[in-house]
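Chain by chain, the residues run as shown.
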Amino acid sequence: MKELELIEQLPEALRACLENVPRTSIEATQREQLLTNGMRADLIVSLSILGRKRTMVIEAKGSGQPKRAREAADQLKRFLLDDRLKGAYPVFAAPYVSEASAAICQESQIGFFDLAGNCRFALDDIYVEKTSADNPLKEKRNEASLFTPKSSRILRVLLNEPQRDWQVQQLSKAAEVSIGLASKIKRQLEDREWIVVGQSGIRLTQPEAMLQAWATVYSYKQNQVREYYTLDDLSDAETTIADWCRESEVEYALTGFSGARLSSPRVRYNRASVYVRSRMDSLTENTGLKPVDTGGNVLLLKPYDDGVFNGARVHYEMRTVCPVQLYLDLQSMAGRGEEAAEEILARELRPSW
C-alpha cells in the first residue's frame with residue numbers, strides 16, 4: 001500500500017482502536033507536519049484522555065514487516081527531539097503489523113496500530129491492546145509471493161546451504177530463476193529480517209522462522225498426486241520404482257514417510273510417496289502399480305515445480321528429497337506426518353543451522 005493512501009485511512013483506524021476506551025477522544029489530526037529539525041511527521045494526533053491533553057506522533061510505513069518497524073522506531077526517536085513533540089507518544093502504523101514487528105515496537109517502547117484493528121498503546125493514562133485475525137489483502141499477496149513455485153526455489157536454496165553467503169547472481173543461478181525475481185525476494189526476506197545483507201552477500205539468519213512460515217501455506221497436494229496400489233512390501237515397491245527410474249533416466253526422489261524411514265528406521269508407515277518428474281504412465285505399466293481412486297498405498301507425485309529436486313540426497317542407494325522438502329511434505333500428511341516432520345527438524349535441520 002502507498003504511504004499516502006495509508007495516512008488517509010489512519011485517523012479512522014485509530015478511532016476504531018480507541019472507541020471503547022472511557023473518556024478518550026481524538027481532538028485533532030495534522031498530516032505531514034514539518035518539524036523544526038527539518039523532518040516531517042506523517043501524522044500528529046491530539047488526544048483527550050481522562051480530561052488531559054496528550055499528543056501522538058505517528059510514523060506510517062507501507063509494510064508492517066520487522067525491518068520497517070525498526071526504521072519507524074528510529075525515526076520516531078528522532079521526532080521526539082523536536083521541541084514541539086517533547087512528551088509525545090511515538091506510534092508506528094502500517095496496513096498490517098506482524099507479530100515480530102509488534103514485539104519490536106514493544107521492545108522499543110512505542111505504540112502501534114494497523115488497518116486490521118491490531119494495536120497496542122501504553123500511555124501513562126491508558127493501556128490498550130487488541131488483536132485481529134484479519135490480514136489486509138495487500139499483505140496477504142506479498143506473503144503469498146514468497147511461496148510461489150519459482151520464488152520458493154530461492155527459499156529452498158537458502159535453507160539447503162544456510163551457512164553460505166550468496167550474491168544475488170549466484171542465488172538466481174542456483175535457484176534457476178531470474179536475477180529480477182531473486183532481487184525481489186531478497187527485499188521481502190530482508191523486510192522480514194530472515195536474512196542480513198552484508199559486503200559478502202546475503203546470509204540466512206532466521207531459517208526456522210522462514211521454514212515455519214512456508215509450512216503454513218504449503219501442502220504436498222500442490223503437486224499432481226496419483227494413487228496406486230501394490231501387493232508388494234512398500235520398501236520393495238520403492239526399490240522397484242527407483243530401479244526403473246534410474247534405468248529409464250527419469251528423475252525421482254522419495255518423500256514423505258518413504259524419505260523419513262531411510263534416515264530414521266523407526267518410522268512406521270503404510271503409504272509410499274515418490275516424486276517422479278515424467279513418464280509416469282510408463283513407470284506404472286512396467287512396475288505393476290494399479291491405479292485407484294482412493295485408498296492407495298503408493299503415491300506418485302508429479303512435482304508442482306522442479307525445485308523439489310534441489311538438494312536431493314542418496315540414502316542406501318535410494319534418492320530422497322532434501323530435508324527441507326521432506327519436512328514440508330510430512331507436515332501436510334496425515335498419519336503422524338507432523339510428528340515425523342518434527343523429528344526431521346530436530347535431527348537434520350536445526351543442527352545444520
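This text follows the structure it describes.
Residues numbered from 1 in each chain as written. Predicted model: local features only at pLDDT ≥ 70, side-chain atom pairs only at ≥ 80, totals over all residues. Heavy atoms only, no water.

### Observations regarding unusual backbone geometry
And step 1. Despite not being glycine, R279 has its phi angle at roughly 55 degrees, a positive value.
And step 2. Relative to the elements of secondary structure, R279 occurs in the loop between β12 (272-276) and α11 (280-287).
And step 3. Taking the relative accessible area as the measure of exposure, R279 reaches 45% and is therefore partly exposed.
And step 4. Despite not being glycine, E317 shows a phi value in the positive range, around 65 degrees.
And step 5. Residue position: E317 is located in the loop between β15 (313-315) and β16 (318-320).
And step 6. The class for E317 is exposed, based on a relative accessible area of 68%. (Helix = DSSP H or I, 4+ residues; strand = E, 2+ residues; numbered from the N terminus. Buried < 20%, exposed > 50% of the residue type's maximum accessible area, 1.4 Å probe, protein only.)

### Here's the deal with the sheet that holds strand β6 (residues 119-122)
And step 1. Pairing is mixed in the open sheet, where 7 strands are placed in the order β1-β2-β3-β4-β5-β6-β7. If you trace the sheet from one side to the other, it starts and ends with β1 (24-34) and β7 (127-130), each paired once. Across this sheet, the average inter-strand angle for adjacent strands is 25 degrees, counted without regard to direction.
And step 2. As judged from the 4 bridges shared by β6 and β7, these two strands associate in the antiparallel manner. (Pairing = 2+ DSSP bridges. Axes fitted to C-alpha atoms, helices over the stretch in contact; angles between N-to-C directions.)

### Things to note about the pairing of strand β9 (residues 201-204)
And step 1. The sheet contact formed by strand β8 (residues 195-198) and β9 spans 4 bridges and is antiparallel. By the bridge assignment, G198 is partnered in β9 with G201.
And step 2. The hairpin formed by β8 and β9 contains 2 residues between the paired strands.

### A few points about the packing of aromatic side chains
And step 1. Tallied over the full model, the rule gives 4 aromatic pairs.
And step 2. For the ring pair Y218 and Y304, a centre distance of 6.0 Å and an interplane angle of 55 degrees mean the geometry is tilted. Residue Y218 is located in the loop between α8 (207-217) and β10 (224-229), and its partner Y304 is located in the loop between β14 (298-302) and β15; the two are separated by 86 residues in the primary sequence.
And step 3. The exposure class assigned to Y304 is buried, which follows from its relative accessible area of 17%.
And step 4. Here the aromatic rings of Y275 and F309 are separated by 6.3 Å at their centres, their planes lie at 70 degrees, and the arrangement is edge-to-face. Of this pair, Y275 sits in strand β12 while F309 sits in the loop between β14 and β15; the two residues are 34 residues apart in sequence, bridging distant segments of the chain. (Phe/Tyr/Trp six-rings, centres within 6.5 Å; stacked < 30°, edge-to-face > 60°.)

### A few points about the environment of L76
And step 1. Following the sequence through the fold, L76 ends up in helix α2 (residues 66-79).
And step 2. C-alpha separation for the pair L76 and P90, spaced 14 residues apart in sequence, amounts to 5.9 Å.
And step 3. Not counting residues within four places of it along the chain, the set of residues in contact with L76 comprises V57, I58, E59, P90, V91, F92 and I110. (Contact = heavy atoms within 4.5 Å.)

### Here we look at the pattern of salt bridges
And step 1. In this structure the tally under the stated criterion is 21 salt bridges.
And step 2. For the salt bridge of E190 with K67, the shortest nitrogen-to-oxygen distance reads 3.1 Å. Residue E190 is found in helix α7 (residues 179-191), and its partner K67 is found in helix α2; the two are separated by 123 residues along the sequence.
And step 3. Since its relative accessible area comes to 24%, K67 is described here as partly exposed.
And step 4. Where D191 meets R68, a salt bridge forms, and the shortest distance between an N and an O atom there is 2.8 Å. In this pair, D191 sits in helix α7 while R68 sits in helix α2, placing the two residues 123 residues apart along the sequence.
And step 5. Judged by its relative accessible area of 25%, R68 is partly exposed. (Salt bridge = Lys/Arg side-chain N within 4 Å of Asp/Glu carboxyl O.)

### Considerations on the nonpolar core
And step 1. In this structure, I154, L189, L211 and W214 are the most contacted members of the largest nonpolar core, which totals 50 residues.
And step 2. In this view, L211 contacts L159, V324, Y327, L328, L345, L349 and W353; residues no more than four positions away in its chain are not counted. (Core = buried A, V, L, I, M, F, W, Y, C linked by side-chain atoms within 4.5 Å.)

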